[in-house]
Amino acid sequence: MSIEKQFNWHICGQEKIIDFLQSAILNDRVAHGYLFVGPANLGKYAVAKEFIGSILCQGQPGPMPCGECFHCRQFKNGLHPDVYIVERIIDDKTGKLKKDIAIDQIRDLKSRLQQATFLNSYKIAIIPEAQYFNKNTANALLKILEEPTNKTVIILIADDANKLPQTIISRCQVLKFLPVAAKKINDYLMGLDGFSGFDGSEAKLLARLSQGKPGRAISFLQNRQLKEKYLGDINNFFKLTKADFSARFKTIEEIIDWHKDDTVNIKQINNLFDNWQSILRDILLVKSENEPLVANINFFEAINKNKELFSFNKIQAILAGINQARTYLKQNINTKSVLENLIINL
């Protein structure tokens, strides 16, 4: 029986990684530590869930995970006692999300992993935001990776391996997630139950807008407001570049839903920057006569109409300004001031 028929994974792309992990399960060579690395929305968390589900599944013979056995149902419902998810928590004093994973969380994880399994299965920890380790938490995790208990698996997920200490990386099997071809994303969307009611042109549009990120295409499909927000950000970019200063400042209040928790504001602004970089990329592609590579195909007319307003030097300056603004956001500079400064110089 081929590997594919022994598993029931619903993943778009990442075939090499999937084959590697499935082979590890079949050959009983599951490692103690894994690092899934790559930009958001490439399927890192989705692959982790399928991998964990297959490790725990007791529904054999049959494709894994079966989705019906006790282990599968417990894991699907977030109730499996041998699976631990470590994420940043809310600070009781400020009511805001902590900037780092706390040392006490890793100490608690170590204690739990050292205890006997509840359901005679693997003990599994998944850390979806591994880039938020500080020096102390990284050192605490390193001790767990250096002295793993039997049948223990730790999966770290990060957008950039450079944000993790080399000592952590060296003790994990590193799997790098790459962008997925638009055609694969298109075909995947067309096969989803949730795509009923949409025609092929919608699948093609979402596949192109996703820019190689299946998770983004699926989010756009499932959340129409998210898609409209994205399209609104692109429209506002063109609007801002033509507006006077007073109109630009007014638009700032419209494009960000300002929140008391600045971590929420920072996330919104970074998403806005991602969207603006997307359209700037497409303007560059059109100006350099690479139209077939354009992602925002629904803005093709607007790009052609406005491309002369953007010299190569101006595009480079805007992109540099966005990168500088991201740096300022990390330095706790007032978020609204950061955005205002960038918009003034568009």
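Quick notes on unusual backbone geometry
Moving on, step 1. With an omega of -10°, the peptide bond between M64 and P65 qualifies as cis.
Moving on, step 2. Within the secondary structure, P65 is located in the loop between α2 (44-56) and α3 (70-76).
Moving on, step 3. Positive phi, close to 60°, is recorded for E289, a residue that is not glycine.
Moving on, step 4. Structurally, E289 is set in the loop between α12 (262-287) and α13 (300-306).

A word on a nonpolar patch on the surface
Moving on, step 1. A cluster of nonpolar residues, F245, F249 and I344, forms a patch on the protein surface that exposes about 260 Å² of accessible area.
Moving on, step 2. Structurally, F249 is set in helix α11 (residues 245-255).

Side note on the pattern of salt bridges
Moving on, step 1. Under the counting rule described, the total for this entry stands at 15 salt bridges.
Moving on, step 2. Residue K239 is joined to E254 by a salt bridge in which the shortest nitrogen-to-oxygen separation is 4.0 Å. With K239 in helix α10 (residues 224-242) and E254 in helix α11, this residue pair connects regions lying 15 residues apart in the sequence.
Moving on, step 3. The class of K239 is partly exposed, set by a relative accessible area of 43%.
Moving on, step 4. Residues E253 and K336 are paired through a salt bridge, measuring 3.1 Å at the closest nitrogen-oxygen approach. With a gap of 83 residues between them, E253 in helix α11 and K336 in helix α15 (residues 335-344) connect regions that are remote in the sequence.
Moving on, step 5. When its relative accessible area of 44% is taken as the criterion, E253 is described as partly exposed.
Moving on, step 6. Residue K336 is classed as partly exposed on the basis of its relative accessible area, which comes to 26%.

Quick look at the packing of aromatic side chains
Moving on, step 1. In total, this model carries nine aromatic pairs according to the counting rule given.
Moving on, step 2. Ring centres of Y34 and F36 lie 6.4 Å apart, and the angle between their planes is 65°; this geometry places the pair in the edge-to-face category. Across this residue pair, the class does not change: Y34 and F36 are buried.
Moving on, step 3. Relative to F238, the ring of F237 lies with its centre 5.9 Å away and its plane at 70°, an arrangement referred to as edge-to-face.
Moving on, step 4. The exposure class of F237 is buried, given its relative accessible area of 0%.

Here's the deal with helix α9 (residues 214-222)
Moving on, step 1. Taken as a whole, α9 has its buried residues at P214, R216, A217, I218, F220 and L221.
Moving on, step 2. Here the buried face of α9 lies against α7 (182-190), α8 (200-209), α10 and α12.

Rules used in this analysis
- Residues numbered from 1 in each chain as written.
- Predicted model: local features only at pLDDT ≥ 70, side-chain atom pairs only at ≥ 80, totals over all residues.
- Heavy atoms only, no water.
- Helix = DSSP H or I, 4+ residues; strand = E, 2+ residues; numbered from the N terminus.
- Patch = residues over 30% accessible without salt bridge, like charges linked within 9 Å, V, L, I, M, F, W, Y side chains within 5 Å.
- Areas by Shrake-Rupley, 256 points an atom, 1.4 Å probe, with all protein chains shown as cover.
- Salt bridge = Lys/Arg side-chain N within 4 Å of Asp/Glu carboxyl O.
- Buried < 20%, exposed > 50% of the residue type's maximum accessible area, 1.4 Å probe, protein only.
- Phe/Tyr/Trp six-rings, centres within 6.5 Å; stacked < 30°, edge-to-face > 60°.
- Contact = heavy atoms within 4.5 Å.

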